[in-house]
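# Observations on the three-dimensional arrangement
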Amino acid sequence: MDSLPIANAEVTRFFHAWLETFAGYVREVDYASARPLFHPDVLAFGTHNDVIPGIEQWIKTQWNNVWSKTSDFRFVLEQTQVLASPDGQMAIVIAPWTSAGYYEDGKPFPRPGRATMVFSRSGDGWLCTHSHMSLNRGVPQTSHASRPVKAW
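Residue indices begin from 1 for each chain and proceed along its sequence in written order. Residues qualify for local features only when their pLDDT is at least 70, as the model is predicted, and side-chain atom pairs are given and counted only at 80 or more; totals for whole chains, interfaces and linings, by contrast, use all residues. With hydrogens and water set aside, each side-chain value is computed from the structure's full complement of heavy atoms.

Here we come to the overall build of the protein chain. Under the DSSP-based scheme used, a helix requires at least four consecutive residues in state H or I and a strand at least two consecutive residues in state E, with every element numbered from the N terminus. Within the protein chain, the regular secondary structure consists of 3 helices and 8 strands. Element order for the protein chain, N to C, with α for helix and β for strand: α-α-β-β-α-β-β-β-β-β-β. Every residue pair with non-hydrogen atoms within 4.5 Å of one another is taken to be in contact. Considering only residue pairs separated by 6 or more positions, the protein chain has 57% of its internal contacts joining residues 24 or more positions apart. Surface accessibility in these figures is a Shrake-Rupley result with a 1.4 Å probe; residues are shielded only by whichever protein chains are displayed. Element-wise, carbon and sulfur atoms account for 54% of the exposed surface of the protein chain, whose accessible area totals about 8300 Å². We score Asp and Glu as negative and Lys and Arg as positive, and we do not count His or the chain ends. Note that the charge is assigned to NZ on lysines, CZ on arginines, CG on aspartates and CD on glutamates. Taking the average location of the 13 positive side-chain charges in the protein chain and that of its 14 negative ones, the two points are 6 Å from each other.

Set out below in structure tokens:
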């Protein structure tokens, strides 16, 4: 059996930088800056819906219910795996992440999770076409922070 199609160092560096960029937009609650990283018809799974069709629906039903209610979102790059198709047209990123959630009394709690993201090469760049982000088992689903949205 062939081994997994591990991405080369250049592709891995690109996706590590992509994850850092995206995580920064999550921390800033900046939907407008994050939007172009995704295909307009992205298919996503999230806490608030089973299958979310399209970036606008994802923003309304998932991002807006999570990003402003949590803080300090970061991917754990040293545990991230990047796979790439031999033809260089598709990549999959498997990455754990951390964040802080907040109880109703305002006290923070650790809010770790994991993500699988599928990317397709589009013109001269990459767009995420599928994302599945989920909390680790036992992590409270609800967080009660109320941070402002920087940009829609």
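Think of a salt bridge as a Lys or Arg side-chain nitrogen and an Asp or Glu carboxyl oxygen that are within 4 Å of each other. Per the counting criterion, the structure on display carries 3 salt bridges. Residue Glu28 is joined to Lys150 by a salt bridge in which the shortest nitrogen-to-oxygen separation is 3.3 Å. With Glu28 in helix 1 (residues 9–28) and Lys150 in the segment after strand 8 (125–135), the pair connects residues that are 122 residues apart, well separated along the chain. A salt bridge links Asp72 to Arg74; the shortest N-O distance between them is 3.0 Å. Exposure is judged per residue with a 1.4 Å probe applied to protein chains only, and the accessible area is read against the type maximum: over 50% gives exposed, under 20% gives buried, and values in between give partly exposed. Overall, Arg74 belongs to the partly exposed group, its relative accessible area being 38%.

Take the buried Ala, Val, Leu, Ile, Met, Phe, Trp, Tyr and Cys residues and link them wherever side-chain atoms come within 4.5 Å; each set so joined is a nonpolar core. Ranked by size, the top nonpolar core spans 40 residues in total, and within it Trp18, Phe22, Phe38, Trp63 and Phe75 carry the most contacts. Looking at which element gives the most residues to this core, the answer is helix 1, with 7 residues. Apart from the residues within four sequence positions on either side, Phe22 is in contact with Ala34, Leu37, Phe38, Trp63, Trp67, Phe75 and Met117.

Relative to the helices and strands, Arg147 is located in the segment after strand 8. Between the C-alpha atoms of Arg147 and Ile59, which are 88 residues apart in sequence, the distance is 16 Å. Each residue touching Arg147, except ones within four places of it in the same chain, is listed here: Val26, Arg27, Val29, Trp67, Ser68, Thr70 and Ser71. Polar contacts involving the side chain of Arg147 include one to the main-chain carbonyl oxygen of Trp67, which spans 3.0 Å. Any N or O atom pair separated by 3.5 Å or less is treated as a polar contact, with the protein-specific requirement of one donor-capable and one acceptor-capable atom, and with residues adjacent in sequence counted only for side-chain atom pairs.

Pairing of aromatic rings covers Phe, Tyr and the six-membered ring of Trp, with a centre-to-centre limit of 6.5 Å; geometry is then stacked below 30 degrees between planes, edge-to-face above 60, and tilted otherwise. Within this structure, the stated rule accounts for 20 aromatic pairs. Aromatic pair Phe22 and Trp67: ring centres 5.7 Å apart, planes at 70°, arrangement edge-to-face. Residue Phe22 is located in helix 1, and its partner Trp67 is located in the loop between helix 3 (55–66) and strand 3 (71–75); the two are separated by 45 residues in the primary sequence. Of the residues examined, Trp67 reaches a relative accessible area of 5% and is grouped as buried. Ring centres of Phe73 and Trp97 lie 5.3 Å apart, and the angle between their planes is 40°; on these two criteria the pair is classed as tilted.

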